Amino acid sequence: SIPLRHGAHRIGNRTDSDMAHWRDYGLGQFIHWGLYAIPGGFWHGQPVNGAAEWIRSSKKVDPKEYDALISQFNPVKYDPVAWALMAKNMGTKYVTFTTKHHDGFCLWPSKYSDFTIMQSPWKKDIIKPFVEAYNKQGIDVYLYFSIMDWHNPDWRYELKTKSDSVAFDRFKEFTKNQLTELLTLYPTTKGLWFDGTWDKSWKASGAFSDELEQYLKKLRPGLVIGSRLRADEKGNRHLDANGRLMGDYHQVWERKIPETIAEVKGYDWECVMTVPENQWGYNARWSGHVKSSSEIIEMLANCVSKGGNFVLNFGPKGDGSFREEEIRLAKEIGNWMAVNGEAIYAAGQSDFRKEDWGYYTKSKTSGKTYMVVFNTPVTNMLKVNIPKNQKIASQKLLGSKQVLPLEHIEGRMHYIRLPGGVRQQPAVIELQLISDDQKKELDVPKT
Ligand SMILES: COc1ccc([C@H]2[C@H](O)[C@H](O)[C@H](C)N2C)cc1
């Protein structure tokens, strides 16, 4: 292998309890909120193509004109307690919240910037009440932080000259100071979600990114940081020059889910997903396909069946309220999670062979296996191929606890009959399994 000083420092996944807790989340919420929510995808009354939180860049807005949005940021409907309750009712276990997106606007009172919530009419810390409200609901908080900062004059896309490097050295110091602020002001933060690290300047700063990660983890032992922060000294991201993951989990899954378990490569991972095709910040005009709760629940089960977490994004409006579609989605997902959460929470990949009707998950706590059924066959007969020396002791529909008929076909092939009827959401069947020898004991007639 290639000798690296700033590549992966660990072979395999983290084995500590903080990471085990992260693995068990199942369902998370992402929230993108900032100045971009004010224009909401429109500029001078015209819709702007691209993601709403990128409007400054995609519309090539004059920085002074864009930054002037700060004088309009007065979110009178911002209610972090209500936000946290909506997340709780959705069944959310962790939330990732934008502290600073690419535009450089800080939602916390940073001492190192003149472009923060304190210079807006709101004049109060947004992050602190958010963290308190979510933690009160038992939801862990992760902070999103964009390294790329369009507002900071020391930001560079690439380091061409000596003066570029001098400026970028100031920028790196600024970055480290802001991250220190965040971990100090919000000590219950469980992890940092980095973004804006694809440019040449950062890819040339592998050593710094490595030292920064080690510094942050020393400041907050147990902190969870994914693979979007680091570059190795050769400019590789996510995987180092030896193909090893740099970071605690794989963050490549942005609006995409691994097709096969092989693509997961055994790493911890999460998928982050938007409701419309590609809008993270509030956009007044959602065009293209908007996902239904059924589609989202299918993605959630898909991720958990492959050992990952699924994080759904919400983009509050400039005034701090949520749009109707997102409120409805949170409710519908929450209704399903209330009945079927045991198939998602502290669950992961099962050893059953994947079938067409949907996904298997396996609970790490109950040991039970779950069938999350999306595509009911016309026969209502669900194929189940039981792994070697295992037997199904019971098969019940979650929610109704109804025992379903099990028919042995041949060998390890069985059918479970799903009750007919039209369903809006996937059905979940709980399988209680026992090993063959256990079954023999059970079969021995009591003397
Ligand atoms: C260049 O393509 C990009 C760049 C950045 C993103 C940002 C989005 O603004 C959002 O913050 C997402 C999590 N992030 C990857 C998305 C696509």
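Residues numbered from 1 in each chain as written. Predicted model: local features only at pLDDT ≥ 70, side-chain atom pairs only at ≥ 80, totals over all residues. Heavy atoms only, no water.

(A) The arrangement of the overall build of the protein in detail. Secondary structure summary: the protein contains 11 helices and 17 strands in total. Against the compact-globule benchmark of 22 Å for 447 residues, the protein has a radius of gyration of 24 Å, which places it among compact chains. Referenced to the eigenvectors of the C-alpha coordinate spread, the extents of the protein come out at roughly 85 × 55 × 35 Å. In the protein, which comprises 447 residues, the proportion classed as buried is 53%. For the protein, long-range pairs separated by at least 24 residues make up 69% of all intrachain contacts whose partners lie at least 6 apart in sequence. (Helix = DSSP H or I, 4+ residues; strand = E, 2+ residues; numbered from the N terminus. Rg over C-alpha atoms; globule rule 2.2 N^0.38 Å. Buried < 20%, exposed > 50% of the residue type's maximum accessible area, 1.4 Å probe, protein only. Contact = heavy atoms within 4.5 Å.)

(B) Structural detail: the confidence of the model for the protein. Of the residues in the protein, 98% reach a pLDDT of 70 or more, and the chain-wide mean stands at 97. With a pTM of 0.97, the predicted complex shows an ipTM of 0.99. (pLDDT = per-residue confidence, 0-100.)

(C) Geometry of the pattern of salt bridges. Evaluation of the coordinates by the stated rule reveals 23 salt bridges. Here Arg14 and Asp248 are joined by a salt bridge, their closest N and O atoms 2.9 Å apart. A residue pair is termed long-range when its members are at least 10 positions apart, and Arg14 in the segment before helix H1 (17–23) and Asp248 in the loop between strand E7 (224–225) and strand E8 (270–273) qualify at 234 residues. A relative accessible area of 10% means that Arg14 is categorised as buried. Notably, a salt bridge pairs Glu430 with Lys401, separated by 3.7 Å at the nearest N-O pair. (Salt bridge = Lys/Arg side-chain N within 4 Å of Asp/Glu carboxyl O.)

(D) Just the site of the ligand, in detail. Residues in close proximity to the ligand include His32, Glu53, Trp54, His101, His102, Tyr144, Trp193, Asp195, Trp198, Arg228, Glu254 and Trp280, which together make up its full environment. Contacts to the ligand include Glu53, whose side-chain N or O atom sits 2.7 Å from an oxygen atom. His101 has a polar side-chain atom sitting 2.8 Å from an oxygen atom of the ligand. With the chains in place, 78% of the 410 Å² that the ligand exposes on its own is no longer accessible. (Near = heavy atom within 4 Å. Polar contact = N/O pair within 3.5 Å; in protein donor to acceptor, adjacent residues only side chain to side chain. Areas by Shrake-Rupley, 256 points an atom, 1.4 Å probe, with all protein chains shown as cover.)

(E) Broad picture of the sheet that holds strand E16 (residues 413–417). Across the sheet, which stays open at both edges, the three strands sit in the order E13-E16-E15 with antiparallel pairing between neighbours. This sheet does not close on itself; its edge strands, each paired only once, are strand E13 (381–385) and strand E15 (406–410). Looking at each pair of strands side by side, their axes are set apart by 30 degrees on average, direction ignored. As judged from the four bridges shared by E15 and E16, these two strands associate in the antiparallel manner. Bridge pairing links Glu410 to Met413 in E16. (Pairing = 2+ DSSP bridges. Axes fitted to C-alpha atoms, helices over the stretch in contact; angles between N-to-C directions.)

(F) Highlighting the packing of helix H4 (residues 80–90) against helix H10 (residues 324–340). Contact geometry for H4 and H10: axes closest at 7 Å, N-to-C directions at 40 degrees. The angle between the axes of H4 and H10 places the two elements in the oblique class. In this structure, H4 contributes Met86, Asn89 and Met90 to the contact, and H10 contributes Ile327, Ala330, Ile333, Gly334 and Met337. Taken together, the residues that form the contact of H4 with H10 break down as six nonpolar, two polar and no charged. (Parallel < 35°, antiparallel > 145°, perpendicular 65-115°, else oblique. Nonpolar A, V, L, I, M, F, W, Y, C, P; charged D, E, K, R; others polar.)

(G) Fine view of the sheet that holds strand E9 (residues 309–314). Here we have seven strands laid out as an open sheet, ordered E7-E6-E5-E4-E1-E9-E8, and parallel in their pairing. In the strand order of this sheet, the two ends are held by E7 and E8, each with one partner. Judged from the two bridges that link them, strand E6 (residues 191–195) and E7 form a sheet pairing that is parallel. Looking at E7, one finds that Leu192 is bridged to Ile225. Across the sheet, helix H9 (residues 293–305) lies against strand E1 (27–31), E8 and E9, angled at about 150 degrees from E9, the strand it touches most.

(H) Just the nonpolar core, in detail. Core analysis: the largest hydrophobic core is formed by 92 residues, its most contacted members being Ile31, Trp33, Phe130, Tyr134 and Phe310. Those residues in contact with Trp33 that lie beyond four places of it in its chain are Phe73, Pro75, Tyr78, Trp83, Phe97, Thr98, Leu107, Ile126, Pro316, Lys317, Gly318 and Gly320. Residues Val373, Val384, Ile386 and Leu397 belong to the second largest nonpolar core, which totals 17 residues. (Core = buried A, V, L, I, M, F, W, Y, C linked by side-chain atoms within 4.5 Å.)

(I) Layout of the packing of H4 against helix H5 (residues 127–136). Interhelical geometry of H4 versus H5 gives an angle of 35 degrees and a closest axis separation of 8 Å. For the crossing formed where H4 meets H5, the hand is right-handed. On H5, the residues touching Pro80, Val81, Trp83, Ala84 and Ala87 of H4 are Pro129, Phe130, Ala133 and Tyr134. Tallied by class, residues from the contact of H4 with H5 come to nine nonpolar, no polar and no charged. (Left-handed = near helix turned anticlockwise from the far one by under 90°.)

(J) Summary view of H5. Taken as a whole, H5 has its buried residues at Ile127, Phe130, Val131, Ala133 and Tyr134. Packing partners of the buried residues in H5 comprise E1, H4, strand E4 (94–100) and strand E5 (140–146). One or two positions beyond H5, positive phi appears at Gly138, with a value near 75 degrees.

(K) Seen up close, unusual backbone geometry. We note that Lys60 has phi near 50 degrees; this positive angle belongs to a residue other than glycine. In this fold, Lys60 is placed in the loop between helix H2 (55–58) and helix H3 (63–67). The class for Lys60 is exposed, based on a relative accessible area of 71%. Unusually for a residue other than glycine, Ala346 sits at a positive phi of about 45 degrees. Assignment of secondary structure puts Ala346 in the loop between H10 and strand E10 (347–348). We classify Ala346 as buried; its relative accessible area is 11%.

(L) Spatial organisation of the state of the cysteines. Inspection of the entire model under this criterion finds zero disulfides. Counting only cysteine sulfurs, Cys303 is the nearest neighbor of Cys271, a cysteine outside any disulfide, at a range of 4.4 Å. (Disulfide = S-S within 2.5 Å.)

(M) Expanded view of helix H8 (residues 206–219). The end-to-end C-alpha distance of H8, which contains 14 residues, comes to 20 Å, matching closely the 20 Å that a straight helix rising 1.5 Å per residue would cover. All of the buried residues along H8 are Gly206, Phe208, Ser209, Asp210, Leu212, Glu213 and Leu216. Looking at the packing, one finds that the buried side of H8 touches helix H6 (162–185), E6, helix H7 (200–203) and E7. (Expected span 1.5 Å × (residues − 1).)

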